[in-house]
Amino acid sequence: GDSVTQMEGPVTLSEEAFLTINCTYTATGYPSLFWYVQYPGEGLQLLLKATKADDKGSNKGFEATYRKETTSFHLEKGSVQVSDSAVYFCALRGSARQLTFGSGTQLTVLP
Amino acid sequence: DVKVTQSSRYLVKRTGEKVFLECVQDMDHENMFWYRQDPGLGLRLIYFSYDVKMKEKGDIPEGYSVSREKKERFSLILESASTNQTSMYLCASSNPGLAGREQYFGPGTRLTVT
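Residues numbered from 1 in each chain as written. Chains lettered and ligands numbered in written order. Predicted model: local features only at pLDDT ≥ 70, side-chain atom pairs only at ≥ 80, totals over all residues. Heavy atoms only, no water.

*Asks:* Please clarify how the sheet that holds strand β8 (residues 62-65) of chain A should be interpreted in this entry.
*Replies:* Strand pairing in a sheet is mediated by backbone hydrogen bonds. Such pairs are either parallel or antiparallel. All names here are of chain A. Here we have four strands laid out as an open sheet, ordered β3-β9-β8-β7, and antiparallel in their pairing. Only two strands of the sheet have a single partner each, and these edge strands are β3 (19-21) and β7 (56-59). Taken pair by pair, the neighbouring strands of this sheet meet at an average axis angle of 15°, ignoring direction. Across four bridges, the pairing between β7 and β8 is antiparallel. Residue pairing across strands places K56 opposite T65, the latter belonging to β8. (Pairing = 2+ DSSP bridges. Helix = DSSP H or I, 4+ residues; strand = E, 2+ residues; numbered from the N terminus. Axes fitted to C-alpha atoms, helices over the stretch in contact; angles between N-to-C directions.)

Right under this line is the structure:
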């Protein structure tokens, strides 16, 4: 079945540092890939998505590129802020209606 | 904006009680989902529904049931709550169609079973 493997946390960075959160997947066919973010005390929000190979999703300074050859969708941001502190989830949607999620990565950004 | 609301943010119940978690969405979405979120395990799908009165089991349906009598409302039922059902429960909705369609999440209900 489909699966998502996500970099384990927690990750602690200083403000303005570069962020990478690794995500790799296993799926048949051509899944769509997503990054969701969960701020403290809230539900999940879509951060960005990509629906086909070589697509780049971007939002709020975050980027991720759909790499079919390495089955990866790594999340990056050039300069993180304290307000980026949250839990980040990588997810895929294959042929089924539902999403398959990674285990989540807790990010803490220190001033 | 799409809004998904859940009936309670925090809930404390005793072992053996019957528990109802309610979810309502206001965007006429066809698909609705219930997940539980546990540290280190991410989100795991309990049940989902793609139409009124329709339901399908997700990855971890044991100990749960669901009800969808109206399109906008999807209820999760714990027939006899147990301590291993202490968790964060998240409801989501989406429309079918394009693979890139996102799911919209409610704020979650943190359930503690004592």
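Structure's up, so let's keep going.
*Asks:* Explanation requested: the pairing of strand β4 (residues 23-26) of chain A in the structure shown.
*Replies:* Residues in a regular strand point their side chains to alternate faces of the sheet. All names here are of chain A. The two faces of β4 differ: C23 and Y25 on one face are buried, but T24 and T26 on the other face are not. Here strand β1 (residues 3-6) runs beside β4; their pairing, made up of four bridges, is antiparallel. Paired with T5 across the two strands is T24, which belongs to β4. (Buried < 20%, exposed > 50% of the residue type's maximum accessible area, 1.4 Å probe, protein only.)

*Asks:* How do you make sense of the state of the cysteines when you look at a structure like this?
*Replies:* Simply put, disulfide is the name for a covalent bond between the sulfur atoms of two cysteines. All names here are of chain B. Under the criterion given, the structure shown has two disulfides over all chains. The partner cysteine of C23 in its disulfide is C91, sulfur to sulfur 1.9 Å. The disulfide joining C23 to C91 has a torsion of about -75° about its S-S bond and is therefore left-handed. Taken together, the positions of C23 in strand β3 (residues 19-25) and C91 in strand β9 (residues 87-94) put the pair 68 residues apart, joining distant regions of the chain. In this structure, C23 and C91 share a single accessibility class: buried. (Disulfide = S-S within 2.5 Å.)

*Asks:* Could you clarify how one ought to interpret the pairing of strand β7 (residues 65-70) of chain B in this entry?
*Replies:* Residues and elements named next belong to chain B. With four bridges joining them, β7 and strand β8 (residues 73-78) adopt antiparallel strand pairing. Opposite S67, over in β8, you have S75 as the bridge partner. As consecutive antiparallel partners, β7 and β8 are separated by two residues.

*Asks:* Hey, could you run me through the nonpolar core in this one?
*Replies:* Across soluble globular proteins, nonpolar side chains have a tendency to be buried as a group. Residue and element names in this part refer to chain A. Counting 26 residues, the largest nonpolar core has W35, L47, L48, F73, L75 and Y88 as the members making the most contacts within it. Sorting elements by how many residues they give to this core places strand β10 (residues 86-93) first, with four residues. Excluding its chain neighbours within four sequence positions, the residues that come into contact with L47 are W35, Y36, V37, N59, K60, F62, L75 and Y88. (Core = buried A, V, L, I, M, F, W, Y, C linked by side-chain atoms within 4.5 Å. Contact = heavy atoms within 4.5 Å.)

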